Structures are given as structure tokens and as C-alpha cells.
Amino acid sequence: QTLESGQFQWSAPSNIALVKYWGKKADQIPANPSVSFTLNNCKTITTLAFEKKINPDNFSFDLLFEGKPKEDFKPKIQKFFERIEIYLPFLKDYHFTIDTQNTFPHSSGIASSASGMAALAMNLMSLEKVLNPEMSEDYFYQKASLLARLGSGSACRSVKGEVVVWGNQANIEGSSDFFGVEFPYTIHENFKNYQDTILLVDKGEKQVSSTVGHDLMHNHPFAERRFEQAHENLDKLIGVFENGNLEEFIKITESEALTLHAMMMTSMPYFILMKPNTLEIINKIWKFRAETKNPVCFTLDAGANVHVLYPKTHKETVLQFIKDELVGYCQNGQYLCDEIGNGAHQI
Ligand code: PMV
């Protein structure tokens, strides 16, 4: 790569939060800390080609999605560039071609903003590294996560590590509101290769954008208590990651998912993002768990899809249960099998 032109390619995964980020302050500072499992299979692969230009007046870029021009994402990228220019002052010196593709089906209801913004941030950091070759690896990943956060908050948890904390929590060393950090303490082997099977209940466009959603936490009647609760749940999870207590893990994880949706149901305006099939699935999981003692549980994002979480040792029985009892509630019977992964990779 020269300073004149070249290209990079990175993949970055999606992530699924256990303690949810919902509510933010100015500059993408989270109202509460969150923690997520990094995924392995659901990811975005982005190629960034750059070419020095003569006239550095404006941001200049072309955007391709799966090789074809994609105009409707342009304002989002433009805004992202504006936000990060103070951290990457060379941005206006280049013309960029950003070519991006996802490994998961388009409009599957799986947000691609986390993986997409993380993949773009990694590429931009690769260029920054050509310009400043002496930077350390820690600095590289930390700054990549900070940039990703300015693209989409949860994207900062898609950069590095299997379990990632974002947001300041007094008893988690190194945790920060500005970037995600790898969970710094012991993680019990029960969580090794933890599985996430994503049941696609509703693949439609999101009813509420996350920008609008986060905003609804301003003046929300339960906001302050909710933000405290996130700290408490993260605190409990530190212990659970150490002792491997899956019963406790399930309680925290499912309660967080339902709390996220409870916040949406109790905001003004209010929303119900679950579908009837979401509830059918939740009830089936509860029944199956009660009957079989299988430590399977669910979590939800800001939508109707259900993430089914379980230890790898239970993969066979849970997949059988999903095929027998849950697939019927998925749109076109579709689901995606994923598991914990370890972050972004240069290709
Ligand atoms: O990163 P955003 O602004 O799209 O927010 C995502 C919020 C949730 O996915 C609902 C929860 C989370 O912590 O990932």
C-alpha cells in the first residue's frame, strides 16, 4: 500500500447484547454500560479502496452493496465521516470506494449496522496505520472501536474479543464509555463456544430505528431506574462469568431482553416490537427448559427475532428442539446458526 492509492479488506461480526444498551447521551455516550457476545458467522465484509485526490474540499466516496451502487446508505456514511474527521484528519484527502457485503440474508431483520460500521472503521484504521506506522496494536483496536461507536453505538462491541463490555462500570477495569473492551476477567468454560441460533420471526423493516428508540429514553418515566439496573445486572454477570452458574445467567439475560422491550412499551410514543410468534417461541422455550432442565434461554434485539442461547454441549438437543417445535414460528422456516466469535479480521 502506498500513500497514493490502495485497498484494504476487513470482516467484522455482529454481536448480541446480554445487558442491553438502550438510551444515550450526546456523542454516542451510552446511558448505561452493556456487554455482548461477539458472533462468528453473521458478519459484514468490506473492501475500502482509496485514492489520493487533488482537491481535498469535501468527503468523496462511492458506496457499493454486494457490488452494486447503494445510494440510500450514503447520508449515513457522510454523517459518519463528519463525526470522525477530527480523529482521522486525512479523510478529505482521499476518494474512497466502499464495497460491502453481509454473510447473512439482506433484510433478515438482523441489524447490519454493528458489523457494517465496525468493518468500515477497521479499514479506515488500516489506512491510518499506513500514515502512522508506529502505532501499537492496542491503540489500533481501541481507536477502531471508538470510531465504530461513532457510526453505531453497538458497533464498538464488534471489534475485538469474545465477550465485550462497553460503558464505564466501576468494577470492570479498563471499561470506558468511549470504546468497547474485552471482558478482562475469567470466563467459565460453560461459556466456551456458546451458541446463538437466531430465529427469523419477522424479516420486515424495523418499525423503530434505534436512533428514535434511544431518544425515547429521554424523559422516559423509568429511565433512571433502568440505567441503574443495567449496572446491577452487569455486576451480577461478572460473578456468573466466573462461576459458570447458568441458572443465574438465564435469569439476567432473559430479564434484560424483556426489560428492553418493556422500555419500548412504556415510552411515549410506545411500541410493541414483538410479534405473536415471538411470544409463542418464548413460551415454548420456557416449557422445554422446565421439562428437560436444558439450560437454553432467549434474548431479543429491538425487533421480533429471537436469539436462542445455549452451551455447545447442548447443541444437538437444542437444535432438535428448534427443528421440532420452533421452526414453524419462523418466517419461511428460516433461522441462522451462530456462536461466539472473536472479532474483526483483516482479509
Ligand atoms: O447500536 P444501535 O444504536 O443500533 O443500538 C442497538 C441497541 C440494541 O441492539 C437494542 C441493544 C444492544 O445493546 O445492542
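Small disclaimer: the values here were computed from a predicted structure and weren't measured.

A. Geometry of the overall build of the protein. In terms of regular secondary structure, the protein is built from eight helices and 14 strands. For the protein, whose C-alpha radius of gyration is 20 Å, the value lies close to the compact-globule estimate of 20 Å for 347 residues. In terms of overall dimensions, the protein has a C-alpha envelope of 70 × 45 × 40 Å along the principal axes. Taking all 347 residues of the protein together, 46% fall into the buried category.

B. Representation of the site of the ligand within the structure. Close to the ligand lie 15 residues; Ala 17, Tyr 21, Gly 153, Ser 154 and Ser 210 are nearest. Of the residues contributing to the shell around the ligand, the split by class is seven nonpolar, six polar and two charged. Three or more residues apiece are contributed to the shell around the ligand by two domains, here domain 1 (5-187) and domain 2 (193-339).

C. Spatial organisation of the packing of helix H2 (residues 113-131) against helix H3 (residues 137-151). Here H2 crosses H3 at 135°, and the two axes come no closer than 8 Å. In terms of axis orientation, H2 runs oblique to H3. Seen along the crossing, H2 lies across H3 with a hand that is right-handed. Of the residues in H3, those touching H2 at Met 117, Ala 118, Leu 120, Ala 121, Met 122, Leu 124, Met 125 and Lys 129 are Phe 140, Lys 143, Ala 144, Leu 147, Ala 148 and Gly 151.

D. Structural view of the pairing of strand S5 (residues 60-65). Where S5 lies against strand S7 (residues 94-102), six bridges are found, and the strand directions are parallel. Among the inter-strand pairings, Asp 62 is bridged to a residue of S7, identified as Thr 97. With two bridges connecting them, S5 and strand S6 (residues 68-69) associate as antiparallel partners. For Phe 65, the partnering residue across the bridge sits in S6 and is Lys 68. Between S5 and S6, which pair antiparallel in sequence order, lie two residues; one of them, Glu 66, sits at a positive phi of approximately 50°.

E. Region of the structure containing the nonpolar core. Val 35, Ala 118, Ala 121, Leu 199 and Val 308 are the most contacted members of the largest nonpolar core, which has 94 residues in total. When residues in this core are grouped by element, the largest group, ten residues, is from H2. The residues that make up this core include at least three from each of domain 1 (5-187) and domain 2 (193-339). Those residues in contact with Leu 199, other than ones at most four positions away along the chain, are Ile 281, Asn 305, Val 306, Val 308, Leu 326, Cys 330 and Tyr 335.

F. Inspection of the sheet that holds strand S10 (residues 195-199) at higher detail. Spatially, S11-S12-S10-S13 is the arrangement adopted by the four strands of the open sheet, whose pairing is antiparallel. At either end of the open sheet lies a strand with only one pairing partner, and these are strand S11 (297-300) and strand S13 (335-339). Pairs of neighbouring strands in the sheet enclose a mean axial angle of 25°, with direction left out of account. Relative to strand S12 (residues 306-310), S10 is paired through five bridges, and the arrangement is antiparallel. Bridging from a neighbouring strand, Ile 198 pairs with His 307 of S12.

G. Focus on the domain arrangement of the protein. The domains assigned to the protein are domain 1 (5-187) and domain 2 (193-339). Listed by partner, the interface residues are 30 residues for domain 1 and 34 residues for domain 2. Broken down by secondary-structure element, the contributors of at least two residues to the side of domain 1 that touches domain 2 are strand S1 (5-19) and strand S4 (34-52). Ranked by residue count, the leading element in the side of domain 1 that touches domain 2 is S4, at seven residues. Across the side of domain 1 that touches domain 2, the residue classes break down as 17 nonpolar, eleven polar and two charged.

H. Structural detail: the environment of Gln 320. Locating Gln 320 in the fold gives a position in helix H8 (residues 315-326). When the C-alpha positions of Gln 320 and Leu 131 are compared, they lie 52 Å apart, and in sequence the two are 189 residues distant.

I. Representation of the environment of Ile 29. Tracing the chain through its elements places Ile 29 in strand S3 (residues 29-30). Judged by C-beta crowding, with 13 C-beta atoms within 10 Å, Ile 29 ranks as partly exposed. In this structure, the C-alpha to C-alpha distance between Ile 29 and Arg 149, residues 120 residues apart in sequence, is 8.7 Å. Among all residues touching Ile 29, those that are not within four sequence positions of it are Lys 24 and Asp 177.

J. Expanded view of the packing of helix H5 (residues 223-243) against helix H6 (residues 246-265). Interhelical geometry of H5 versus H6 gives an angle of 160° and a closest axis separation of 10 Å. Compared by their axis directions, H5 and H6 come out roughly antiparallel. Crossing of H5 over H6 shows left-handed handedness. Between H5 and H6, the residues in contact are Arg 226, Asn 233, Lys 236, Leu 237 and Val 240 and Glu 248, Phe 249, Ile 252, Glu 256, Thr 259 and Met 263, respectively. Considering only residue class, the contact of H5 with H6 consists of five nonpolar, two polar and four charged.

Rules of the game
- Residues numbered from 1 in each chain as written.
- Predicted model: local features only at pLDDT ≥ 70, side-chain atom pairs only at ≥ 80, totals over all residues.
- Helix = DSSP H or I, 4+ residues; strand = E, 2+ residues; numbered from the N terminus.
- Rg over C-alpha atoms; globule rule 2.2 N^0.38 Å.
- Buried ≥ 20, exposed ≤ 12 C-beta atoms within 10 Å, placed from the backbone.
- Near = placed C-beta within 6 Å.
- Nonpolar A, V, L, I, M, F, W, Y, C, P; charged D, E, K, R; others polar.
- Domains from an automatic or database assignment.
- Axes fitted to C-alpha atoms, helices over the stretch in contact; angles between N-to-C directions.
- Parallel < 35°, antiparallel > 145°, perpendicular 65-115°, else oblique.
- Left-handed = near helix turned anticlockwise from the far one by under 90°.
- Contact = placed C-beta atoms within 7 Å.
- Pairing = 2+ DSSP bridges.
- Core = buried A, V, L, I, M, F, W, Y, C linked by C-beta atoms within 7 Å.

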